[in-house]
Structures are given as C-alpha cells and as structure tokens.
Protein chains: 2
Amino acid sequence: MNDQKDPGFDALLSFAHTLADRSAAAISPYFRATRSVENKSRTEVFDPVTAADKAAEQVIRNSVAETWPAHAVLGEEFGLQPGIGGAEAEYCWIIDPIDGTRSFITGMPVWGTLIGLNRLDTPILGIMNQPFTGERFWSDLDGAYYRGPDGEHPIATRSCASLAAATLLCTGPEFFDVAADLERFEELSGQVRMRRYGGDCYSYCMLAAGHVDLVVEAGLHTYDIAALIPIVERAGGRLTSWTGEPATQGGRVVASGDRELHEAAMEILSR
Amino acid sequence: MNDQKDPGFDALLSFAHTLADRSAAAISPYFRATRSVENKSRTEVFDPVTAADKAAEQVIRNSVAETWPAHAVLGEEFGLQPGIGGAEAEYCWIIDPIDGTRSFITGMPVWGTLIGLNRLDTPILGIMNQPFTGERFWSDLDGAYYRGPDGEHPIATRSCASLAAATLLCTGPEFFDVAADLERFEELSGQVRMRRYGGDCYSYCMLAAGHVDLVVEAGLHTYDIAALIPIVERAGGRLTSWTGEPATQGGRVVASGDRELHEAAMEILSR
C-alpha cells in the first residue's frame, strides 16, 4: 500500500503502466480464442461482453484496491467502486477493459484497453493499450507518447485547418441513434476529404499521432472517452462535446488535431 | 529464371511467400510516415494511392519478370502486363499491394498485401500479408494457414447455419453505389446478430480463420478478391458473387464460413 496523501504523478503513471501490463496478460489468451458472447441488453445496439472483459477489469480493480485503496474505480463491467474513504475519493480510475468489443470478437486487432485517471473529475492521465499489436499510447503531464513494434517516441497531432482537407474517423453510423445527430454527422462527413468507419479508441490515438484529423462519435460512456482525453490534449489536439463542453461524461464527442478545424466541425455539429 | 514448362505448385507457393516478404520491405517504411496522397479519380469514391502502393507493386512485377518471365501480372496500380508468351499466359499473378488504402493512410493496421495466382483463370493460391502486425494468411492445395505473433497453424471456417446467429463484416455502406444493392445489404444485415464496418481484405481472413460468419461487399475489382478466394475456399468456406457465380472478376461478393448460411444470404442478396 502506498502513501495515500500525496502519491505523486510519476508513481501514478508507473502504476497505470502496470495496470496495462496486467490487463494485457488477462485478455490475450481470449483474443481469437473465445466465441461465446453475452448480450448485455436486447433492447440496445448489440454490445458483446467477453470473459476477457471481465477478467481484465477484475485484475485492474484488485490491483487498485491493493495499491491505492483510497482511490475509486469506475469500470464498464462492474460500475463504480468507491475508495475506502467513500464517495469523495480524490482519484478515480476509469476503465474500459476492451474498447471495441465488436473488433475483438470478430478478430480485428483494433480494440484497446482504456485506463484513465481523474483527479477531482479532471482527467490527468490516460493509456490505450493494444496487446496483440504490442502498441501503447499514453500521456504524462507534458506530452503524449507511443510505444510499438517500431519503437517509442512522442506523438503530436498534425495541422489541418479546413474540412475539405480533413480525414474523419467514426466507429459507425449506427451509433447516431438520434436522427438529428445522424443528419449533422452526414453533413459534416460530406464535406471532408475522406471518411472511414470502424475505429473505436484506435481512432483517437491515430488522431493524437497525427495520422487523421477528426473523430466524431455519439452515445459514448465516460469509460469510453476518459482515458483518451489527456492523450489527445497532450498531443496538441482538442476533444470536447459537439457544443464545446468537456467530454468527460461521454455522449456526443468531437476530437480534432487542429483548433481551427475543431471550430469548423463544431459549427456544423452544434446546429 | 525457372523452368517455364512445369513450375510445380511448391515452387510457386514458395515464390509467392518471397513476393510477400519483398513487398513488405517496400511498404513498411511508408506506413504512418507518408502523408501525401494522390486522388486517382475525382468522380469516384475517394481512392488514395500512396508511394508504398507503387513501390510494392513494382518490386513484385520485377520479381515475376525475373523469375517467371512467361507469367502475366495484373496489378491495381499498373494494370495487366502479359508474359513473354503474350496474352495466352498459363499463369497470372494478381496483385493488390495495399488493399485497404483508407486504413493505411489513417494509420489503422488492418490493410494487407494481396498476392494471388491464377492458372487458366482459376485461382490456385493466395496470400494476404500484414507487415505491421506480422501476420500472414495463405492457401496451398490442401488447406489454408496463418502465421503471426502467436505462431503458425492451419485455419478453418466455423459452422453457423442461421443468419440470426451470424456476424457480418463489410468495409462500408458507401461501396453499395446501386440503391437496390444497398437495400438488399440492409435487409440482410438487419437479420444478423452483429455487423461491423471497416475490414477490407482482413474481413475475409477473419472469416477463413473462423472468427466471423459472413462478408458482403460490392464494387470489388479482380485484384481485390482473387487472392482471397482460395484462402476462404481451402479453409472450408464459400466465396461467390451475390448470385452464386465465381467471384474471380470482383463485383458484388458474398463469403460465408458455412454452406447453409451462404444459401440463406444469397436468397436475400439475389432478389
């Protein structure tokens, strides 16, 4: 157990990397091996849950409880677990063990484990880990970073001031379950140079690394986005709601690598 | 130069693996590094071409010309190159250096190099190679195989007799540029358990490896599908046009891991 008064950022970041390593070990045996899938809700869009999802979240919860018992944990599978101090925990770990479950169960290696840490409701660090490709994206206080088969290096968004020059990623049109939202998305994506579907958390990391310019989504939960906010922002991008509010609660989200482009996208999305 | 009379299947397969190795070396320096993109046609759906595409196809063409000068080559970038015997070449290599160019230019590691070999217009072997993840899928006369970070092993499709239990992959709805085709696709995909966009050649390999049940697409070229036909078929699946004809010319394509499911899908798609 660590000193609960003043953990220090480096200790927290180092612990977050440990969580990524441990969750990867819990998940990897199931990738392309498990075919049994539960249906979380019959009334919503199909949202599969695998044994890997639960195993990884349990490993992370156990690790936090052991090392930082005063910290809260909010996860996709098992909800909110307050720290030993109750609801007023200063730090809250926000976990999506497998973001992109449809990628996972179809064998596509573009899902990721999201590990975020909020201090008093503000995201202070994030990790996206992809165990199969061996890729990790994360943030510290100063910047955002990548480690993968081709080495480790800082990442930064690229400039792209106009919609006409922009590439846009989106997980899929079926997530815009409000007709007006789909209309706004279609209007925006009709103006960009290229659109591609099927990214989940990977999309935001490709934006942070300067490979794409816009990510637009709707219907997100807190655990889908919390870890990605500091990665995008430390890389030089913006990640807000469609109306420019903080995106920490999820919902309708737009991320841009360029501030001018962000304004142009929001002008259409916020109509 | 090899004996042109009777190459033997093993020599051809071994050469195909060499082509995959050489094209990977040509492509890899450009992945997540190049940002310049040409627009092949302003009137069609945006179809980017990268320097990697051209470099890889040139390496493959040079290799075939050197080793099997009597063989023809059909590639995405540079069209048909007859063998030294003229238009009647017994063997034709069919190449798409980067299938999934939109994945490539957005940094997503789910594109692939397609290398197919037709003998008298019949596909006899295929390779799908993914240099970044280190994955390769291929076929020989008896079966289909996978090599990747987790080892090498034969692959096989899985059984799934009903649409209601099936998972469906498709690169994106925008490729159904005929309204009636989109309607049929929507009708089919409304009946399956799960649909996911954004796969290109990866989708067919995930089907061959038993992770998904259906792939449905339209608007394909010969070089988008030739290499994938023997991989899917040797793995136990079916890959035909929407009306059950050979899919060697591309167009509207449906692949299934299960014969009964293939019939059920075609019943809707061929209406």
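Each chain carries its own residue numbering, running from 1 in the direction its sequence is written. Each chain gets a letter, beginning with A, and each ligand a number, beginning with 1, in the order they are written. The predicted nature of this model means local features are confined to residues of pLDDT at least 70 and side-chain atom pairs, given and counted, to a pLDDT of 80 or more, with totals for whole chains, interfaces and linings taken over all residues. With hydrogens and water excluded, all non-hydrogen atoms of the structure serve as input to the side-chain values.

Trainee: Mind showing me how you'd approach the overall build of chain A here?
Mentor: Secondary structure elements are taken from DSSP: a helix is a run of H or I of four residues or more, a strand is a run of E of two residues or more, and numbering for both begins at the N terminus. What chain A contains, in helices and strands, is eight helices and 15 strands. Viewed in the frame of its principal axes, chain A has a C-alpha envelope of about 50 × 40 × 40 Å. Any residue under 20% of the maximum accessible area for its type is buried, any over 50% is exposed, and the rest in between are partly exposed; the area is computed with a 1.4 Å probe on protein chains only. A burial count over chain A gives 61% of its 271 residues as buried. Residue contacts are counted whenever heavy atoms from the two residues lie within 4.5 Å of one another. Here the analysis covers contacts within chain A between residues at least 6 apart in sequence; of these, 62% occur between residues at least 24 apart. In these tables, accessible area is a Shrake-Rupley quantity obtained with a 1.4 Å probe, and a residue counts as shielded only by the protein chains included in the view. Within the structure as shown, chain A displays about 10300 Å² of accessible surface, and the carbon and sulfur contribution to it stands at 49%. The sign given to each residue is positive for Lys and Arg and negative for Asp and Glu; His and the chain ends receive no count. Think of each charge as sitting on NZ of Lys, CZ of Arg, CG of Asp or CD of Glu. Here chain A contributes 22 positive and 38 negative side-chain charges, whose respective centroids are spaced 4 Å apart.

Trainee: Is there a simple way to think about the interface of chain A and chain B in this case?
Mentor: A common way to state how big an interface is: give the accessible area lost once the parts meet. Listed per partner, the contact involves 36 residues of chain A and 36 residues of chain B. Each of two parts loses accessible area, computed with a 1.4 Å probe, when they are put together; buried area is these two losses added. Summing the contributions of chain A and of chain B, the shared interface buries around 3300 Å²; its carbon and sulfur component is 62%. What counts as a salt bridge is simple: a side-chain nitrogen of Lys or Arg found within 4 Å of a carboxyl oxygen of Asp or Glu. Counting every contact that joins chain A to chain B gives two salt bridges. A salt bridge links R32(B) to E135(A); its shortest N-O distance comes to 2.6 Å. Counting of polar contacts relies on pairs of N or O atoms within 3.5 Å, with two restrictions inside protein: one atom must be capable of donating a hydrogen and the other of accepting it, and residues adjacent in sequence are counted only when both atoms are side-chain atoms. Seen at the junction of chain A and chain B, the total is eight residue pairs in polar contact (both at pLDDT 80 or more). Elements with a contribution of two residues or more to the side of chain A that touches chain B: α3 (101-105), β12 (194-197) and α5 (201-208) of chain A. Ranked by residues supplied to the side of chain A that touches chain B, first place goes to β12(A) with four residues. Only Asp, Glu, Lys and Arg are considered charged, only Ala, Val, Leu, Ile, Met, Phe, Trp, Tyr, Cys and Pro nonpolar, and every remaining residue, Gly among them, polar. When grouped by side-chain class, the residues that make up the side of chain A that touches chain B number 18 nonpolar, eight polar and 10 charged.

Trainee: What is the right way to read the relation of the copies chain A and chain B from this model?
Mentor: Both copies of the chain are related by one operation, a rotation about an axis with a shift along it. With an axial shift of 0.0 Å and an RMSD of 0.0 Å, the rotation relating chain A to chain B amounts to 180°. Taken together, the rotation and translation relating the two chain copies correspond to the operation of a two-fold axis. When the interface residues of chain A are mapped onto chain B, 100% of them again lie at the interface, so the same face is used by both copies. Superposition of the copies was done by least squares, using only C-alpha atoms of residues whose pLDDT is at least 70 in both.

Trainee: How do you make sense of the packing of helix α4 (residues 179-189) of chain A against helix α8 (residues 259-269) of chain A when you look at a structure like this?
Mentor: How two helices pack is summed up by the angle between their axes together with the distance between the axes. Residue and element names in this part refer to chain A. It is the contact of α4 with α8, at a shortest axis distance of 9 Å, that shows an interaxial angle of 140°. Between α4 and α8, the angle is such that the two are oblique. For the pair α4 and α8, the crossing hand works out as right-handed. Every residue of α8 that contacts α4 at R184, F185, E187 and L188 is listed here: A265, I268 and L269. Along the lines of polarity and charge, the residues of the contact of α4 with α8 split into five nonpolar, no polar and two charged. Axis lines are fitted to C-alpha atoms, over the contacting stretch for helices. Their N-to-C directions set the angle, which ranges from 0 to 180 degrees. Angle categories: roughly parallel below 35 degrees, roughly antiparallel above 145, roughly perpendicular from 65 to 115, and oblique for all the rest. Note on convention: near helix rotated counterclockwise from far helix by under a right angle means a left-handed crossing. Clockwise means right-handed.

Trainee: I'm lost on the pairing of strand β3 (residues 72-75) of chain A in this one. Help?
Mentor: Across a regular strand the side chains alternate sides, sitting on one face of the sheet and then on the other. Residue and element names in this part refer to chain A. Strands were regarded as paired on the criterion that DSSP finds at least two bridges between them. Where β3 meets strand β5 (residues 91-99), four bridges bridge the pair, whose relative direction is parallel. Paired with V73 across the strands is W93, a residue of β5. For β3 and strand β4 (residues 79-81), the ladder comprises three bridges, and the chain directions are antiparallel. Looking at the pairing, L74 lines up with L80 of β4.

Trainee: What is the right way to read the packing of aromatic side chains from this model?
Mentor: To describe a pair of aromatic rings, one takes the distance between the centres and the angle between the planes. Note on aromatic contacts: the rings of Phe and Tyr and the six-membered ring of Trp form a pair at centre separations within 6.5 Å, being stacked when their planes are under 30 degrees apart, edge-to-face when over 60 apart, and tilted otherwise. Tallied over the full model, the rule gives 23 aromatic pairs over all chains. Three or more aromatic residues link up through ring pairs in this structure, and these residues are F31(A), F104(A), W111(A) and F132(A). Note on criteria: charge over ring means Lys NZ or Arg CZ within 6 Å of the ring centre, with the direction from the centre no more than 35 degrees off the ring normal. Positioned above the aromatic ring of F132(B), the side-chain terminus of R32(B) is 4.7 Å from the ring centre.

Trainee: How should I be thinking about the domain arrangement of chain A in this particular structure?
Mentor: Residues and elements named next belong to chain A. Annotation comment: domain bounds sourced from an automatic or database domain assignment. By domain assignment, chain A separates into domain 1 (9-155) and domain 2 (163-269). On a C-alpha basis, the centres of domain 1 and domain 2 stand 21 Å from each other. Listed per partner, the contact involves 38 residues of domain 1 and 23 residues of domain 2. When the two sides are added together, the surface that domain 1 and domain 2 hide from each other amounts to roughly 2200 Å², 68% of it contributed by carbon and sulfur. For the domain 1 face of the interface with domain 2, the top three residues by lost area are P123, F137 and I155, together amounting to 21%.

Trainee: Explanation requested: the sheet that holds strand β8 (residues 135-139) of chain A in the structure shown.
Mentor: Sheets are built from strands that pair by backbone hydrogen bonding, the pairs being arranged parallel or antiparallel. All names here are of chain A. Spatially, eight strands are ordered β4-β3-β5-β6-β7-β8-β9-β10 in an open sheet, and the strand pairing comes out mixed. Both outer strands of the open sheet, β4 and β10 (151-155), are each paired with one neighbouring strand and no more. Strand-to-strand twist across the sheet, computed as the mean angle between neighbouring axes with direction ignored, equals 15°. The strands that helix α2 (residues 51-67) touches are β3, β4, β5 and β6 (112-119); relative to β5, the one it contacts most, it runs at about 160°.

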